[in-house]
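# Observations on the three-dimensional arrangement
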Amino acid sequence: MVNGPLRLGVNVDHIATLRNARGGVHPDPVRGALIAAEAGADGITAHLREDRRHIRDADIRRLKDEVPLPLNFEMAVTDEMVRIALETAPHAACLVPEKRTEVTTEGGLDVMGVAGLPDAVARLTDAGIRVSLFIDPEPSQVEAAHKVGAPVVEIHTGSYCDAAPAARAHEFARIAAAAKTAAALGIECHAGHGLTFDTVTPVAAIPTIMELNIGHFLVGESIALGFAGAIREMKRLMVAARA
Ligand code: PXP
């Protein structure tokens, strides 16, 4: 497996979560994606969930049309999502398990246990969309992804990120082992979920991991890195109004 520069895919779902909390149009995930592009992101990821709790159909169309970065369309393995992916023609599609009751994607796909998955991989691949399968860090799941013809796996880093300090090394070793299996099989390896400034470094140092997809932390951390600027601008406008 060829090593190369590590790409950052910025997940903009939670900009839409914040927008939807008020029901209006602000903040706009497309504007967030454009800021991400300027800041050096290599791609944009968005998950159109079945319940449309954050990203909506129109966001996906605009992310594809208005943002000059490859779009990674995160999707459940359903006929509806395969249809939307084929209509949108994103650069990549990341297939994930989806439960209506979950707060976030809780675990990876059981690749052999998902009805219709090989067919979805084939249809998306035939349309020129690069398919990745979001899996737990288990070599058996990487092997299953290889069997169904997926060119990419994305390893779920949530257990590692959430682990107590004493368990973190064990969880990290699982990610490293899965990445090794992917490299041996010639599958491109991505990783993501729950990554923060504190947890990213060891994962980013695995040389065969080609892409990290990160969202929630970046949106949250923009309060620390950007809240003050927004407040200063509001104060400036208020002072200017009275000048
Ligand atoms: N990759 C996949 C497949 C995901 O489902 C998610 C969460 O939507 C992420 C990466 C990003 O996770 P986080 O928002 O915790 O950074």
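Presented here is a report on the structure given in the accompanying data block. In every chain, residue numbers begin from 1 and rise along the written sequence. In keeping with the predicted nature of the model, local features appear solely for residues at pLDDT of at least 70, side-chain atom pairs appear and are counted solely at 80 or more, and the whole-chain, interface and lining totals rest on all residues. Side-chain measures here rest on the full set of heavy atoms in the structure, leaving out hydrogens and waters.

## A short note on the pairing of strand β5 (residues 130-135)
- The element β5 is largely enclosed, with a buried count of 5 among its 6 residues.
- Convention used here: a crossover is right-handed provided that the path from the first strand, over the helix, to the second strand proceeds clockwise when the strands point away from the viewer. Comment: elements are numbered from the N terminus, with helices defined as DSSP H or I runs of at least four residues and strands as E runs of at least two. Regarding topology, helix α5 (residues 117-126) serves as the crossover connection from strand β4 (residues 92-96) to the parallel β5, and that connection is right-handed.
- Both β5 and strand β6 (residues 152-156) contribute to a ladder of 4 bridges, which runs parallel. Following the sheet pairing, Ile135 is matched in β6 by Ile155. Buried, partly exposed and exposed residues are distinguished by accessible area as a fraction of the type maximum, computed with a 1.4 Å probe on protein chains only: under 20%, between the cut-offs, and over 50%, respectively. DSSP-based pairing: two strands are paired if at least 2 bridges between them are found.

## Description of the environment of Ile129
- Tracing the backbone through its elements, the reader meets Ile129 in the loop between α5 and β5.
- Along the backbone, Ile129 and Gly192 are 63 residues apart, and their C-alpha atoms lie at a distance of 20 Å.
- Contacts were defined at the residue level, with two residues in contact if any of their heavy atoms lie within 4.5 Å. Each residue touching Ile129, except ones within four places of it in the same chain, is listed here: Ala85, Leu86, Ala89, Pro90, His91, Ala92, Ala93 and Leu124.

## Notes on the site of the ligand
- It suffices for a single heavy atom of a residue to lie within 4 Å of a molecule or strand for the residue to be listed as near it. Looking at the ligand, there are 14 residues lining it, with Glu74, Glu154, Gly194, Gly215 and His216 nearest.
- Measuring from an oxygen atom of the ligand, one finds a backbone N or O atom of Gly194 at 2.8 Å.
- In this structure, an oxygen atom belonging to the ligand sits 2.8 Å away from a main-chain N or O atom of Gly215.
- Note on areas: Shrake-Rupley, 1.4 Å probe, and residue coverage restricted to the protein chains presented here. When the ligand is considered free in solution it has 400 Å² of accessible area, and contact with the protein chains removes 95% of it. Here a polar contact is taken to be a pair of N or O atoms separated by no more than 3.5 Å, where protein atoms must pair a possible hydrogen donor with a possible acceptor and residues adjacent in sequence count only if both atoms sit in side chains.

## Some details on the packing of helix α6 (residues 139-147) against helix α8 (residues 165-185)
- Across the interface, α6 lies against α8 with an axial gap of 8 Å and an inter-helix angle of 30°. Regarding the angle of α6 to α8, the classification is roughly parallel. Considering the relative orientation of α6 and α8, their crossing is right-handed. Between α6 and α8, the residues in contact are Pro139, Val142, Glu143 and His146 and Ala177, Ala178, Thr181, Ala182 and Leu185, respectively.
- Under the convention adopted here, Pro, Cys and the residues Ala, Val, Leu, Ile, Met, Phe, Trp and Tyr are nonpolar, Asp, Glu, Lys and Arg are charged, and Gly plus all remaining residues are polar. Taken together, the residues of the contact of α6 with α8 break down into 6 nonpolar, 2 polar and 1 charged. With axes taken as lines fitted to C-alpha atoms, and helix axes fitted only over the stretch in contact, angles between N-to-C directions fall between 0 and 180 degrees. Any angle between 65 and 115 degrees counts as roughly perpendicular, while under 35 counts as roughly parallel, over 145 as roughly antiparallel, and the rest as oblique. For any helix crossing, the convention is left-handed if the near helix is rotated counterclockwise from the far helix by under a right angle, and right-handed if that rotation is clockwise.

## With respect to unusual backbone geometry
- With an omega dihedral of 0°, the bond running from His26 to Pro27 counts as a cis peptide bond.
- Its place among the elements puts Pro27 in the loop between α1 (13-22) and α2 (29-38).
- The phi dihedral of His193 is positive, around 115°, even though this residue is not glycine.
- Tracing the backbone through its elements, the reader meets His193 in the loop between β7 (188-192) and α9 (200-204).
- Owing to a relative accessible area of 23%, His193 belongs among the partly exposed residues under this scheme.

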